[in-house]
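A structural walkthrough
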Amino acid sequence: MSYYTIILFDLSYFHEYDPIRCTHFLEFLLDFRKQSFFGCDMMKTFKLKSLIICFENDERLVQQYIPIIDGLIIDREDDLQQWIIEAYMNQSYKDFFTLLNQEQSKLILQVKITKETNDPAFFLCKMIDMNDIENNMNVLFKGSIIDRNDEVYGNWIKKIEG
């Protein structure tokens, strides 16, 4: 069974419950393929369990917890070591993300992957897309994992973990 077959099989499970979201995600994967992002045999995909957006506002660090309905984290396994993060949430956060996208070029995302009990991972990201899906929405980010020893962003992580 190929990787694509596994993805389609997994998507067929929730297509019955959320066909619009399933269609959007399939379009996203096909767009990946068109842009030659599938430059490897297989990309690692993980379940997003929690999301905190970290950014600067008037020289102070702000952390905004975003309750998510669902989400994915995809390791693109490209030369730039970039990841795609998709967070599916209530549409009430649309204004927040619209404003954030206009004011912040880079964001730090604090995420938990697979299980809530896992230690958080930190990503330096840019928001690349936002889509309305009935009464909900998804937000897509592209970025890289932050090395805790990084002189600039490593200090941010230390502040966040406080």
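Scope of this entry: the structure provided in the associated data block. What you are looking at is a predicted structure, and each value in this text was computed from that prediction instead of being measured. (Residues numbered from 1 in each chain as written. Predicted model: local features only at pLDDT ≥ 70, side-chain atom pairs only at ≥ 80, totals over all residues. Heavy atoms only, no water.)

**What about the overall build of the chain?**
Per the secondary structure count, the chain includes four helices and seven strands. Overall, the chain shows an N-to-C arrangement of helices and strands of α-α-β-β-β-β-α-β-β-β-α. By residue count, 40% of the 162 residues in the chain fall in the buried class. Partitioning the intrachain contacts of the chain with sequence separation of at least 6 by distance along the chain shows that 58% fall at a separation of at least 24. (Helix = DSSP H or I, 4+ residues; strand = E, 2+ residues; numbered from the N terminus. Buried < 20%, exposed > 50% of the residue type's maximum accessible area, 1.4 Å probe, protein only. Contact = heavy atoms within 4.5 Å.)

**Things to note about unusual backbone geometry**
The backbone phi angle of Thr114 is positive, close to 70 degrees, even though this residue is not glycine. By the element assignment, Thr114 lies in the loop between strand S5 (107–113) and strand S6 (121–133). Within the chain, Glu134 stands out as a residue other than glycine whose phi angle is a positive 50 degrees. Here Glu134 falls in the exposed class, since its relative accessible area comes to 57%.

**Describing the pairing of strand S3 (residues 68–75)**
The side chains of a regular strand alternate between the sheet's two faces. Across four bridges, strand S1 (residues 44–57) lies against S3 in antiparallel orientation. Residue pairing in the sheet places Lys44 in a bridge with Asp75 of S3. Strand direction decides the pairing type here: S3 and strand S4 (residues 82–90), joined by seven bridges, are antiparallel. Across the sheet, residue Ile68 finds its bridge partner in S4, namely Met89. Linkage of S3 to S4, two consecutive antiparallel strands, is achieved through a turn of six residues, within which Glu77 is found at a positive phi near 50 degrees. (Pairing = 2+ DSSP bridges.)

**Considering the nonpolar core**
Membership of the largest hydrophobic core comes to 25 residues, with the highest contact counts inside it found for Ile53, Phe97, Leu109 and Phe141. Every element with two or more residues in this core is listed here: S1, strand S2 (60–66), S3, S4, helix H3 (94–103), S5, S6 and strand S7 (136–145). What Leu109 contacts, discounting residues up to four positions off in sequence, is Leu51, Ile52, Ile53, Ile85, Ala121, Phe122, Phe123, Cys125 and Phe141. Counting eight residues, the second-largest nonpolar core is a separate cluster that includes Ile108, Leu124, Ile157 and Ile160. (Core = buried A, V, L, I, M, F, W, Y, C linked by side-chain atoms within 4.5 Å.)

**Structural notes on the pairing of S4**
Counted residue by residue, S4 has eight buried out of nine residues, so it is predominantly covered. Where S4 meets S7, nine bridges bridge the pair, whose relative direction is antiparallel. Note that in S7 the partner of Tyr88 across the bridge is Asn138.

**Topic: the side chain of Glu86**
Turning to its location among the elements, Glu86 is positioned in strand S4. At 3.0 Å, the side chain of Glu86 forms a polar contact with the side chain of Asn138. (Polar contact = N/O pair within 3.5 Å; in protein donor to acceptor, adjacent residues only side chain to side chain.)

**A short note on the pattern of salt bridges**
If you walk through the whole model with that rule in mind, you get two salt bridges. Lys47 is the partner of Asp70 in a salt bridge, and the nearest nitrogen-oxygen pair spans 2.3 Å. Of this pair, Asp70 sits in strand S3 while Lys47 is found in strand S1, placing the two residues 23 residues apart along the sequence. A salt bridge links Asp132 to Lys94; the nearest nitrogen and oxygen atoms lie 2.8 Å apart. Here Lys94 lies in helix H3 and Asp132 lies in strand S6, a separation of 38 residues in the sequence. With relative accessibility at 39%, the residue Asp132 sits in the partly exposed group. Since its relative accessible area comes to 29%, Lys94 is described here as partly exposed. (Salt bridge = Lys/Arg side-chain N within 4 Å of Asp/Glu carboxyl O.)

**Considerations on the packing of aromatic side chains**
The final tally for this structure, using the stated rule, is five aromatic pairs. For the ring pair Phe55 and Phe96, a centre distance of 6.3 Å and an interplane angle of 55 degrees mean the geometry is tilted. Of this pair, Phe55 sits in strand S1 while Phe96 is found in helix H3, placing the two residues 41 residues apart along the sequence. Residue class for Phe96 comes out partly exposed when judged on its relative accessible area of 22%. Among the aromatic side chains, those forming a connected cluster through ring pairs are Phe55, Phe96, Phe97 and Phe141. (Phe/Tyr/Trp six-rings, centres within 6.5 Å; stacked < 30°, edge-to-face > 60°.)

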